Amino acid sequence: VVALLLLSAAWTQFVVARIRSEHPPAGVFVPVSGGRLHMRDIGPRDAPPERTLVLIHGASSNHLALTLPLEPFLRQRYRILAIDRPGHGHSDRPGGRADASPARQAALISEAMTAAGAPRAIIVAHSFAGAVATSLAMDHPRHVAGLVLLGAVSHPWPGGIAWYYHPASTPVFGWLFSSIMAVPGAAFSMEAGLRGVFHPQVAPEGYVKATALRLMLRPASFRANAEDVAALHAHVSAQNARYAEITAPTVLIAGEQDTTVSTSIHSQALARQLPDVRIVILPGVGHVPHHADTERVVSEIDTLSERIAAKNSETGG
């Protein structure tokens, strides 16, 4: 058994070194409290808030999960800040386990926006990041011109989470699990996981490489992701009663056949609480509407941007 564990640890180190060499940082690093976040800064630097987008990715991924489908349609007309959440991609996790909190992640992202010279923007968030984006809108409203939430998590749900999140998120043992056991197992189960996330659609060919998805197999990133997911239920249970505080105009886009984040439990419930909201439910679409119907998502972003610009023009804002 000891020999097998040592072999697994050695294999992990080999995989991690290869992953790092294949997927170096492609963006810039901006300072935040205690560390720095990695982001891609795309498009015109002088864009107004309604033409500035901050993209926040979901669990088990990095900023490329959103830029892959959306950037080609948006980069000519918007400034795009595509951020790796704390502990993901190439971003630091300065608060350690405390950074599993969506509120803590929102605070760090607000700092990164200011450091990048884009203190106010439309926030586009997928899945787990729905909890981050709503927290950003409640706790840092001056940074949020509008929200576009894609298959977003917002409320507590019945049932649990995948078994491996529990050992991977446990103090001390989580380090051992992520360093010895998680990488070999996750490497062989990644394709099956993608099939579930994209169902009933299928992942684009070459998706794993194009989105640097294997960055999540690094032990520190694997552990950070597990901490995020393991703590999420408690965080949305605490914050969902505050959603009526969100004044930013919001568009919710969800798939009718999303089996990862229930549209009825999350997006439809959130729509009933927000004072300024539009909800779009896409028939035949699962958990990744930005891949399944990219043009519709881009159209909704454009419509929201134009609406914010018109309102600013009327009010002189």
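In case you missed it, the structure is sitting above this.
Residues numbered from 1 in each chain as written. Predicted model: local features only at pLDDT ≥ 70, side-chain atom pairs only at ≥ 80, totals over all residues. Heavy atoms only, no water.

A.B. asks: Please clarify how the packing of aromatic side chains should be interpreted in this entry.
C.D. replies: Centre distance and the angle of the planes are the two values used to describe a pair of aromatic rings. What the rule picks out here adds up to six aromatic pairs. For the pair Trp163 and Phe177, a centre-to-centre distance of 6.1 Å together with 85° between the ring planes defines the contact as edge-to-face. Residue Trp163 is located in the loop between strand E6 (144–150) and helix H5 (165–169), and its partner Phe177 is located in helix H6 (residues 173–198); the two are separated by 14 residues in the primary sequence. Consider the rings of Tyr164 and Phe222, whose centres lie 6.2 Å apart with planes at 35°: the pair is tilted. With a gap of 58 residues between them, Tyr164 in the loop between E6 and H5 and Phe222 in helix H8 (residues 219–239) connect regions that are remote in the sequence. For Tyr164, a relative accessible area of 30% corresponds to the partly exposed category. (Phe/Tyr/Trp six-rings, centres within 6.5 Å; stacked < 30°, edge-to-face > 60°. Helix = DSSP H or I, 4+ residues; strand = E, 2+ residues; numbered from the N terminus. Buried < 20%, exposed > 50% of the residue type's maximum accessible area, 1.4 Å probe, protein only.)

A.B. asks: How should the pattern of salt bridges be read in this particular structure?
C.D. replies: Note that side chains of opposite charge can pair when their charged atoms are close. In total, this model carries 16 salt bridges according to the counting rule given. For Arg104, the salt bridge is made with Asp99, and the minimal N-O distance between the two is 2.5 Å. For Asp99, a relative accessible area of 0% corresponds to the buried category. In this structure, Asp139 engages Arg242 in a salt bridge whose closest nitrogen and oxygen atoms are separated by 2.9 Å. One end of the pair, Asp139, is in helix H4 (residues 129–139); the other, Arg242, is in the loop between H8 and strand E7 (250–255), with 103 residues separating them in the sequence. Counted as one network, the salt bridges with shared partners bring together Arg85, Arg93, Arg97, Glu227 and Asp228. (Salt bridge = Lys/Arg side-chain N within 4 Å of Asp/Glu carboxyl O.)

A.B. asks: In this structure, what is going on with the sheet that holds strand E4 (residues 79–83)? I would like to understand it.
C.D. replies: Pairing between sheet strands relies on hydrogen bonds along the backbone, with the strands arranged either parallel or antiparallel. Strand order across the open sheet formed by eight strands is E1-E2-E4-E3-E5-E6-E7-E8, with mixed pairing between neighbours. Of all strands in the sheet, those bounded by a partner on one side alone are strand E1 (28–32) and strand E8 (277–282). Across the sheet, the axes of successive neighbouring strands diverge by a mean angle of 25°, strand direction being ignored. Inspection of the sheet shows E7 paired to E8 by six bridges, in the parallel sense. Of the residues in E8, the one forming a bridge with Thr250 is Val277. Strands in contact with helix H3 (residues 102–115) are E1, strand E2 (35–42), strand E3 (52–56), E4 and strand E5 (121–126); relative to E1, the strand with the most contacts, it is inclined by about 115°. Its contacts with the sheet put helix H11 (residues 294–315) on E3, E5, E6, E7 and E8, and the angle it makes with E6 is roughly 160°. (Pairing = 2+ DSSP bridges. Axes fitted to C-alpha atoms, helices over the stretch in contact; angles between N-to-C directions. Contact = heavy atoms within 4.5 Å.)

A.B. asks: I'm lost on H8 in this one. Help?
C.D. replies: Residues that lie three or four places apart on an α-helix share one face, since the helix turns once every 3.6 residues. The end-to-end C-alpha distance of H8, which contains 21 residues, comes to 29 Å, matching closely the 30 Å that a straight helix rising 1.5 Å per residue would cover. The largest bend along H8 reaches roughly 45° and is located at Leu232. Where H8 is concerned, the buried positions are Pro219, Ser221, Phe222, Ala224, Asn225, Ala226, Glu227, Asp228, Val229, Leu232, Val236 and Gln239. (Expected span 1.5 Å × (residues − 1). Bend = angle between axes of the 7 residues up to and from the residue.)

A.B. asks: Any chance you could explain the environment of Met138 here in plain terms?
C.D. replies: In this structure, Met138 sits in helix H4. The spatial distance from the C-alpha of Met138 to the C-alpha of Ser262 is 23 Å, given a sequence separation of 124 residues. Non-local contacts of Met138, meaning those with residues more than four positions away in its chain, are made with Gln239, Arg242, Tyr243, Glu245 and Ile246.

A.B. asks: It is not clear to me how the nonpolar core should be interpreted in this structure. Could you clarify?
C.D. replies: It is characteristic of soluble globular proteins that their nonpolar side chains tend to be buried jointly. Ranked by internal contacts, the top residues of the largest apolar core, which has 42 residues, are Val54 and Ile123. By residue number, the principal contributor to this core is H4, which donates seven residues. (Core = buried A, V, L, I, M, F, W, Y, C linked by side-chain atoms within 4.5 Å.)

A.B. asks: What exactly am I supposed to notice about the side chain of Ser221 here?
C.D. replies: By the element assignment, Ser221 lies in helix H8. Contact partners of Ser221, with chain neighbours within four places excluded, come to Gly87, Gly89, Leu215 and Met216.

A.B. asks: Sorry, what's going on with the packing of H4 against H8 here?
C.D. replies: Packed helices, taken two at a time, are described by the angle between their axes plus the distance between the axes. At a minimum axis distance of 11 Å, the contact between H4 and H8 shows a crossing angle of 35°. Considering the relative orientation of H4 and H8, their crossing is left-handed. Here Ala131, Thr134, Ser135 and Met138 of H4 come into contact with H8, specifically with Leu232, Val236 and Gln239. Grouping the constituent residues of the contact of H4 with H8 by class yields four nonpolar, three polar and no charged. (Left-handed = near helix turned anticlockwise from the far one by under 90°. Nonpolar A, V, L, I, M, F, W, Y, C, P; charged D, E, K, R; others polar.)

The values are spatial; any link to function lies outside them.
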